[in-house]
Amino acid sequence: MSDLHVSFEFFPPKSEAVQQRLWAAVEKLKPLAPDFMSVTYGAGGSTRERTHETVARIIKDAGVPVAAHLTCVAATKAEVDQVLRDYWAEGVRHIVALRGDPPGGPGERYIPHPGGYANAAELAAGARKIAGFEISVGCYPEKHPDSPSAAADIDMLKRKVDAGAARGITQFFYDNDVYYRYVDRVRAAGIDIPIVPGIMAITNFASVRKMADTIGATIPGRLVKLFQNLDEDPQTRQLIAATVAAEQCLALAEQGVKHFHFYTLNRDDLAYALCTMLGVRPTAQAKSAGAAA
Ligand code: FAD
């Protein structure tokens with residue numbers, strides 16, 4: 001059996017079609033016994049209800065531990081605290097504590113809500129005060145675009161750890177050396193929590209490139225070349241995306257990475273295949289539960 005740990009990130013669905021895709025993905029990925037499935041929180045709390053419903057359903061129907069993402073944007077401390085209390089009452093024991101992006105989108109200046117939590121460190125501390133939540137936080141191998149320097153970015157991570165964060169989940173990256181160098185800097189700063197690589201396969205190159213530009217992630221030239229002239233050829237893109245992501249994950253595993261967080265975009269196929277290649281297979285319990293059903 002593999003000693004690797006995996007987790008899967010979903011976003012709360014808007015349409016019936018995405019809803020069905022999400023639940024099919026949850027069902028398919030559940031037997032891999034992920035450490036947790038996480039559910040994002042839309043910009044400015046725009047998905048507050050949908051995130052909550054999705055989180056509650058994964059707990060109830062899938063029985064998998066859930067990490068609920070939560071941001072500080074456009075909400076008072078009292079409002080955020082109420083969400084945290086509701087989550088705890090619902091059985092949520094793990095929060096991904098985030099500052100969130102400014103309402104105008106990444107790149108705009110972030111102005112904290114006057115009565116709210118100013119950043120993820122404050123939110124993490126607030127959540128720990130309310131209940132014994134496990135806290136994960138975001139971290140940035142290529143530094144957060146709002147950060148004046150890589151060192152300031154790591155200082156921020158340190159503040160989040162001091163506030164109770166037990167794990168950092170990275171922004172996606174496509175050059176493993178960037179991740180290794182980042183982990184070295186984090187360790188040199190005396191931070192010893194796991195830094196879990198966030199894996200995002202490039203199934204749609206145009207949209208990943210746009211996202212990468214916004215958040216300051218680099219797409220290496222060799223990958224840009226690989227996806228050249230494939231905008232109208234999703235099938236080939238998908239195959240290349242799978243190959244590239246598999247190479248990335250296998251190389252990370254070879255270097256000793258023990259936990260992978262998959263940005264699934266509510267799809268199971270690639271995440272499932274990557275887990276299979278990493279040796280993460282359905283557990284014996286999941287198989288016998290399936291046979292009994
Ligand atoms: P923080 O760590 O609070 O701050 C980010 C940077 O801003 C810091 O590195 C620092 O440079 C600077 N900064 C902040 N406060 C200060 C301060 N007081 N003094 C000096 N510098 C400061 N967004 C969503 O809206 N919903 C989601 O569900 C979501 N999920 C995510 C999951 C992961 C794994 C990751 C990596 C990101 C996610 N995001 C999500 C995006 C995230 O909200 C943005 O990257 C946001 O801009 C920063 O959030 P943070 O929690 O990292 O911020």
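Refer to the preceding data block for the structure.
It should be emphasised that the depicted structure is a prediction, and the values quoted were computed from it without experimental measurement.

J.: Help me out: how do you make sense of the pattern of salt bridges in this one?
T.: Side chains carrying opposite charge are able to pair once their charged atoms draw close together. For the structure shown, the criterion picks out seven salt bridges. The closest approach of N and O atoms between Arg99 and Asp146, which form a salt bridge, is 2.7 Å. Within this pair, whereas Arg99 is found in the loop between β4 (94-97) and α4 (120-130), its partner Asp146 is found in the loop between β5 (134-139) and α5 (150-162), the two being separated by 47 residues in sequence. A salt bridge links Glu134 to Arg167; the nearest nitrogen and oxygen atoms lie 2.7 Å apart. Of this pair, Glu134 sits in strand β5 while Arg167 sits in strand β6 (residues 165-170); the two residues are 33 residues apart in sequence, bridging distant segments of the chain. On the accessibility criterion, Glu134 (33% relative accessible area) is partly exposed. Its relative accessible area of 11% is what places Arg167 among the buried residues.

J.: Looking at this structure, how should I read helix α3 (residues 77-90)?
T.: Three- or four-residue spacings in an α-helix give side chains the same orientation, since the helix completes a turn every 3.6 residues. For α3, built from 14 residues, the straight-helix expectation of 20 Å at 1.5 Å per residue is met to within 8% by its first-to-last C-alpha distance of 20 Å. Every buried residue belonging to α3 is among Val80, Asp81, Val83, Leu84 and Tyr87, and all of these are buried. One face of α3 carries all of its buried residues, which in axial projection span an arc of 155 degrees. Away from the buried face of α3 by more than 90 degrees, exposed residues Ala78 and Ala89 are located. Buried positions along α3 lie against α2 (48-62), β3 (66-70), β4 and α4. Within two residues after α3, Gly91 carries a phi angle of roughly 105 degrees, on the positive side.

J.: How should the sheet that holds strand β7 (residues 195-196) be read in this particular structure?
T.: Sheets are built from strands paired through backbone hydrogen bonds, the pairs being either parallel or antiparallel. With parallel pairing, the nine strands of this open sheet are ordered in space as β7-β6-β5-β4-β3-β2-β1-β9-β8. The sheet is open, and its two borders are formed by β7 and β8 (198-199), each paired with just one other strand. As paired elements, strand β1 (residues 5-10) and strand β2 (residues 36-39) share four bridges and run parallel to each other. For Ser7, the partnering residue across the bridge sits in β2 and is Phe36.

J.: I keep staring at the site of the ligand and nothing clicks. Help me out?
T.: Among the 21 residues in the neighbourhood of the ligand, the closest are listed as Tyr41, Asp101, Ser147, Asp153 and Lys160. Within the backbone of Arg99, an N or O atom sits 2.7 Å from an oxygen atom of the ligand. Contacts to the ligand include Ala120, whose backbone N or O atom sits 2.9 Å from an oxygen atom. When the ligand is considered free in solution it has 960 Å² of accessible area, and contact with the protein chains removes 83% of it. Split by residue class, the shell around the ligand holds seven nonpolar, nine polar and five charged.

J.: Explain unusual backbone geometry here, please?
T.: Leave glycine aside and you will find that most residues have negative phi; peptide bonds, for their part, are mostly trans. For Ala33, which is not glycine, the phi dihedral falls at a positive 50 degrees. Within the secondary structure, Ala33 sits in the loop between α1 (16-29) and β2. Here the phi dihedral of Lys143 falls at roughly 65 degrees; this positive angle occurs in a residue that is not glycine. Inspection of the secondary structure puts Lys143 in the loop between β5 and α5.

J.: Got a minute to help me understand the pairing of β1 in this structure?
T.: Successive residues of a regular strand alternate their side chains across the two faces of the sheet. Counted residue by residue, β1 has five buried out of six residues, so it is predominantly covered. With five bridges joining them, β1 and strand β9 (residues 259-263) adopt parallel strand pairing. Counted as the bridge partner of Glu9 is Tyr263 from β9. In this fold, the crossover linking β1 to β2 by way of α1 has right-handed handedness.

J.: Mind showing me how you'd approach the nonpolar core here?
T.: Where a protein is soluble and globular, its nonpolar side chains tend to be buried together. Of all hydrophobic cores here, the largest spans 68 residues; its most connected members are Phe8, Ile58, Ile95, Ile135, Ile195, Phe260 and Phe262. Element by element, the count of residues in this core is highest for helix α10 (residues 269-278), at six residues. Ignoring anything within four residues of it in the chain, the contact list for Phe260 reads Leu4, His5, Val6, Ser7, Val196, Pro197, Ile199, Cys249, Leu252, Ala253 and Leu278. Residues Ile169, Tyr174, Leu230 and Val244 belong to the second largest nonpolar core, which totals 22 residues.

J.: Help me understand the state of the cysteines in this model?
T.: One covalent bond between the sulfur atoms of two cysteine residues makes up a disulfide. Applying the stated criterion across every chain yields a total of zero disulfides. Cys139 forms no disulfide, and the closest cysteine sulfur to it belongs to Cys249, at a distance of 16 Å. For the unlinked cysteine Cys275, the closest cysteine sulfur is that of Cys249, found at 8.1 Å. On the basis of relative accessible area, Cys275 is assigned to the buried category, the value being 0%.

Reading the values: the criteria
- Residues numbered from 1 in each chain as written.
- Predicted model: local features only at pLDDT ≥ 70, side-chain atom pairs only at ≥ 80, totals over all residues.
- Heavy atoms only, no water.
- Salt bridge = Lys/Arg side-chain N within 4 Å of Asp/Glu carboxyl O.
- Helix = DSSP H or I, 4+ residues; strand = E, 2+ residues; numbered from the N terminus.
- Buried < 20%, exposed > 50% of the residue type's maximum accessible area, 1.4 Å probe, protein only.
- Expected span 1.5 Å × (residues − 1).
- Arc of directions from axis to C-beta.
- Contact = heavy atoms within 4.5 Å.
- Pairing = 2+ DSSP bridges.
- Near = heavy atom within 4 Å.
- Polar contact = N/O pair within 3.5 Å; in protein donor to acceptor, adjacent residues only side chain to side chain.
- Areas by Shrake-Rupley, 256 points an atom, 1.4 Å probe, with all protein chains shown as cover.
- Nonpolar A, V, L, I, M, F, W, Y, C, P; charged D, E, K, R; others polar.
- Right-handed = clockwise from strand over helix to strand, strands pointing away.
- Core = buried A, V, L, I, M, F, W, Y, C linked by side-chain atoms within 4.5 Å.
- Disulfide = S-S within 2.5 Å.

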